[in-house]
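Chain by chain, the residues:
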Amino acid sequence: MTAGHSDPGLLDRMVRSSLGWLEGARGQFRLPANVTTDADPNLTLKPLGELAELTQLIGVLHPREDIRHTARGLFAFAWNETRDGELFAELIRGEPFATYPVELYGVFAQAGLRHAEVDELVRTTTRLRGWRVAREDHTRTLGVLNAERRIGLRQHADFSAVLALTGLGGLPEPWALDRKAAYGVTHDVFHLTDWGRNRQRLSPELAQYLRLWLPSWLENWLEEQLWDLVGELLAVTACLPKAPHDPAAWQRLADAQAADGSVPEMGAAPSSDDPDELFTACYHSTLVTAFAATLARIAADEAEAGPSGGDPALVGGRTPCESESAP
Amino acid sequence: MIADAATGVALALRGEGDPYALSGILRQEDALTPAAVRVLGADALAPYAVEHRAVAVGADDEAVVRQALAAYPPGADASAVSAWTYRGLVEAAHAFLPGGAPPWPPPPEAGTGWVESDPWPKLAHRASQLAALALPPLAPGLAEQLAGRTDDLARGFVRAVRRRDWLQAAGLGRWLARLPEAPQTLGLDSGLAFVRQMGGTDPRVALHVAAARRFHGRGW
Amino acid sequence: MVTDRTAPVETATLAAEVEGLLEPAEADGVFRDTRECGGALLLAALLLISPPTPRPKTDVR
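Thresholds applied
Residues numbered from 1 in each chain as written. Chains lettered and ligands numbered in written order. Predicted model: local features only at pLDDT ≥ 70, side-chain atom pairs only at ≥ 80, totals over all residues. Helix = DSSP H or I, 4+ residues; strand = E, 2+ residues; numbered from the N terminus. Rg over C-alpha atoms; globule rule 2.2 N^0.38 Å. Buried ≥ 20, exposed ≤ 12 C-beta atoms within 10 Å, placed from the backbone. Contact = placed C-beta atoms within 7 Å. Nonpolar A, V, L, I, M, F, W, Y, C, P; charged D, E, K, R; others polar. Expected span 1.5 Å × (residues − 1). Core = buried A, V, L, I, M, F, W, Y, C linked by C-beta atoms within 7 Å. Axes fitted to C-alpha atoms, helices over the stretch in contact; angles between N-to-C directions. Parallel < 35°, antiparallel > 145°, perpendicular 65-115°, else oblique. Left-handed = near helix turned anticlockwise from the far one by under 90°. pLDDT = per-residue confidence, 0-100.

**Details of the overall build of chain B**
The number of helices and strands found in chain B is twelve helices and zero strands. Helices and strands appear in chain B in the N-to-C order α-α-α-α-α-α-α-α-α-α-α-α. The C-alpha radius of gyration computed for chain B amounts to 16 Å, which stays within 12% of the reference 17 Å derived for 220 residues, consistent with globular compactness. Taking the principal axes of its C-alpha atoms as reference, chain B extends roughly 45 × 40 × 30 Å. Expressed as a percentage of the 220 residues in chain B, the buried residues total 55%. Counting contacts in chain B only where the partners sit at least 6 residues apart, residues at least 24 apart contribute 73% of the total.

Following this line, the structure appears as structure tokens:
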């Protein structure tokens, strides 16, 4: 892997630019009145959930105060959209066996934003034997387990055992990876490390596997110009111990970012006059870019400070907002 | 013509077909034979590296190789690939066609700065073009230097398979088979089998995979 | 390609061709992805922070 020097200025510009575009897109993140009934959750709850997940992290961990401030504003906006958590009570009453309200609530719960009625509800629903029935997608199960840990619920399955069944845990041949499997691997890492907050949870074996093969995958998807996956792979790279930095890859992602801060999901910037269409085509990659650049910035600071320097709260990849044992 | 010759070599390495003779698949009288031998490089003589070969090497083979060496020497500004493939053919002549008269020329110098300096995708592409030199016991110095970048060659293999560049993947798989420490998680044996299944209709792919199997016991 | 055995051999041309064959440019990558088939398409499950539905590279938006 290229052991290049990072450019904190470039990384910070990318985060600022992304957050600027996301600020301007608040209107599109706003939840419609029918969100708990017949609105498409993939176009409503999913974008807002991603916004919350990643701006929470940036708002706490980014070394620059102005960036943290902007991110915290977006996170507060997201919580406000859930009507201080009331949304989750409605969603769970409507769909008590769905995992997504629990996963979404976990984002806010880990930040201390709670809703008493939701806490009561999930204590009941997640204790059912039915909740423990294996789900189709093991990566998704890791997400549910991480949410349970964040909320302080008993985890319904053994995290390591489920991880062993995933596309990361099985250490598959690195050339036998299609696009879906690649997204699976990045999310296995995100759930395992709590989105880079607890990077030491990555075992030496998994870290070595990723260190070896991430450069190949990155090169492939840079060539395909699948920018959200490029961003996710760069974020995973930043989760490695003594994280390597590939300046050329970062420059290529920076080049894909438009002047307004948006990053298209694939190829060149979409040309459309429909703001909703532009939003759908860009919001995910733009959020991922801000997230990846934040993790890379933290890794760069650690490399600069050396293993024993830097913010004591971040040494070993542990963050101040979370402890290993659930409350 | 090159494809036919490569098929002949691959068959011989798998122990199939008639006993191999270079001058049998690339005839001395053919005007294009020297060019084909030059392009195949050391692999034109690879079957002679197999132990216990049944047929003695004939004078015709020697003549064919001499023609190729005379007709296509690397120029003063030759690329590293051109210089190394030429050197590979000379080394192979020394190793597998001994006792020629007049003696074979000494192997010309070829640079290795690129092994250190190339970024890994470029290194991998170049190494794959030199896959014939993975034939033991050729180019021990180059093999030793490439061993220092084993992980990068393995990354190149992954990249090549994912972009369905079977020829590059096969060449890299062959080098990785020769090098002592291909990463275990690469899955080199299954990878070589996969490349043969997916790209084996290209005779040069089949040749590299057969060589990895024959000389290093790698691949299913 | 060095395949036409009847043509007169132009040494210089052939030498260039040999060089080209020794060192061809890297081919364009071919990226073809796994297709989904079966029930998964019908479920349209909400995938939290999961990839968008893959689209072919040529998709015009």
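**Points about the overall build of chain A**
Summing up its helical and strand segments, chain A has 14 helices and zero strands in all. Its helices and strands in sequence order give chain A the pattern α-α-α-α-α-α-α-α-α-α-α-α-α-α, from N to C terminus. Rg of the C-alpha trace for chain A: 19 Å, near the compact-globule value of 20 Å for 327 residues, within the 12% margin. By its C-alpha atoms, chain A is 50 × 45 × 40 Å across when sized along the principal axes. If you take every contact in chain A between residues at least 6 apart in sequence, the share linking residues at least 24 apart comes to 70%.

**What about the interface of chain C and chain B?**
Of the residues lining the interface, 16 residues belong to chain C; the matching set on chain B comes to 19 residues. Considering only residue class, the side of chain C that touches chain B consists of ten nonpolar, two polar and four charged.

**A word on the interface of chain A and chain B**
Opposite the eleven residues of chain A that make contact, chain B presents 16 residues. Looking at the side of chain A that touches chain B residue by residue, the classes come out as seven nonpolar, two polar and two charged.

**Re helix 12 (residues 227-238) of chain A**
Residues and elements named next belong to chain A. In this model, helix 12 (twelve residues) spans 16 Å end to end at C-alpha, consistent with the 16 Å of a helix rising 1.5 Å per residue. Most of helix 12 is tucked away: twelve of the twelve residues are buried. Along helix 12, the positions that sit buried rather than exposed are W227, D228, L229, V230, G231, E232, L233, L234, A235, V236, T237 and A238. For helix 12, the secondary structure elements touched by its buried residues are helix 10 (179-192), helix 11 (204-224), helix 13 (247-256) and helix 14 (275-305).

**Topic: the nonpolar core**
Core analysis: the biggest nonpolar cluster contains 174 residues, and A:V230, A:L234, A:F291, B:L133, B:L135 and B:F157 have the highest contact counts within it. Top element by residues in this core is helix 14 of chain A. It accounts for 14 residues.

**Some points on the environment of B:P107**
Residues and elements named next belong to chain B. Its place among the elements puts P107 in the loop between helix 5 (80-96) and helix 6 (113-117). By the C-beta count within 10 Å, which is 17 here, P107 ends up partly exposed. Put simply, P107 and G75 are 32 residues apart on the chain and 15 Å apart in space, counted from C-alpha to C-alpha. Apart from the residues within four sequence positions on either side, P107 is in contact with R87, V90 and E91.

**Regarding the packing of helix 3 (residues 33-40) of chain B against helix 1 (residues 11-22) of chain C**
A packed helix pair is summarised by two numbers, namely the angle formed by the two axes and the spacing between the axes. Look at helix 3 of chain B against helix 1 of chain C: their axes get within 9 Å of each other, and the N-to-C directions meet at 25°. Viewed along their axes, helix 3 of chain B and helix 1 of chain C adopt a mutual orientation that is roughly parallel. For the element pair helix 3 of chain B and helix 1 of chain C, the recorded crossing hand is right-handed. Here B:A35, B:R38 and B:V39 of helix 3 of chain B lie close against helix 1 of chain C, whose contacting residues are C:L14, C:V18, C:L21 and C:L22. Class assignment for the residues of the contact of helix 3 of chain B with helix 1 of chain C results in six nonpolar, no polar and one charged.

**Side note on helix 3 (residues 45-61) of chain A**
Spanning 17 residues, helix 3 of chain A covers 24 Å between terminal C-alpha atoms, matching the ideal 24 Å at 1.5 Å per step. Across the 17 residues that make up helix 3 of chain A, a large majority, 16, are buried.

**Quick notes on the confidence of the model for chain B**
Looking at chain B as a whole, the pLDDT averages 94, with 97% of positions reaching at least 70. Here the predicted complex scores 0.90 on pTM and 0.94 on ipTM.

**What to know about the environment of B:E109**
Residue and element names in this part refer to chain B. Here E109 shows up in the loop between helix 5 and helix 6. Judged by the 8 C-beta atoms lying within 10 Å of it, E109 falls in the exposed class. Distance from E109 to R87, taken between C-alpha atoms, is 7.6 Å for residues 22 residues apart in sequence.

**Some points on unusual backbone geometry**
Along the chain, B:P136 connects to B:P137 via a cis peptide bond; the corresponding omega equals 5°. As for its placement among the helices and strands, B:P137 is situated in the loop between helix 7 (120-129) and helix 8 (140-147). Despite not being glycine, A:W195 shows a phi value in the positive range, around 60°. Taking the C-beta count within 10 Å as the criterion, A:W195 has 25 such neighbours and is therefore assigned buried. For A:K242, which is not glycine, the phi torsion reads 45° and is therefore positive. Counting through the fold element by element, A:K242 comes out in the loop between helix 12 and helix 13.

**Concerning the packing of helix 1 (residues 2-13) of chain B against helix 12 (residues 203-216) of chain B**
All names here are of chain B. At a minimum axis separation of 8 Å, helix 1 and helix 12 run at an interaxial angle of 20°. It follows from the interaxial angle that helix 1 and helix 12 lie roughly parallel. Like other packed secondary-structure pairs, helix 1 and helix 12 cross with a definite hand, here left-handed. Between helix 1, through A3, A6, T7, V9, A10 and L13, and helix 12, the contact on the second element is made entirely by P203, R204, A206, L207, A210, A211 and R214. In terms of residue class, the contact of helix 1 with helix 12 is made up of ten nonpolar, one polar and two charged.

**Here we look at the environment of B:T150**
Residues and elements named next belong to chain B. With respect to the helices and strands, the residue T150 is situated in helix 9 (residues 150-162). Of the residues examined, T150 has 17 C-beta atoms within 10 Å and is grouped as partly exposed. In the structure, T150 is positioned 25 residues away from W175 in sequence and 9.0 Å away in space, judged by C-alpha atoms. When sequence neighbours within four positions are dropped, the list of residues in contact with T150 reads L179, E181 and A182.

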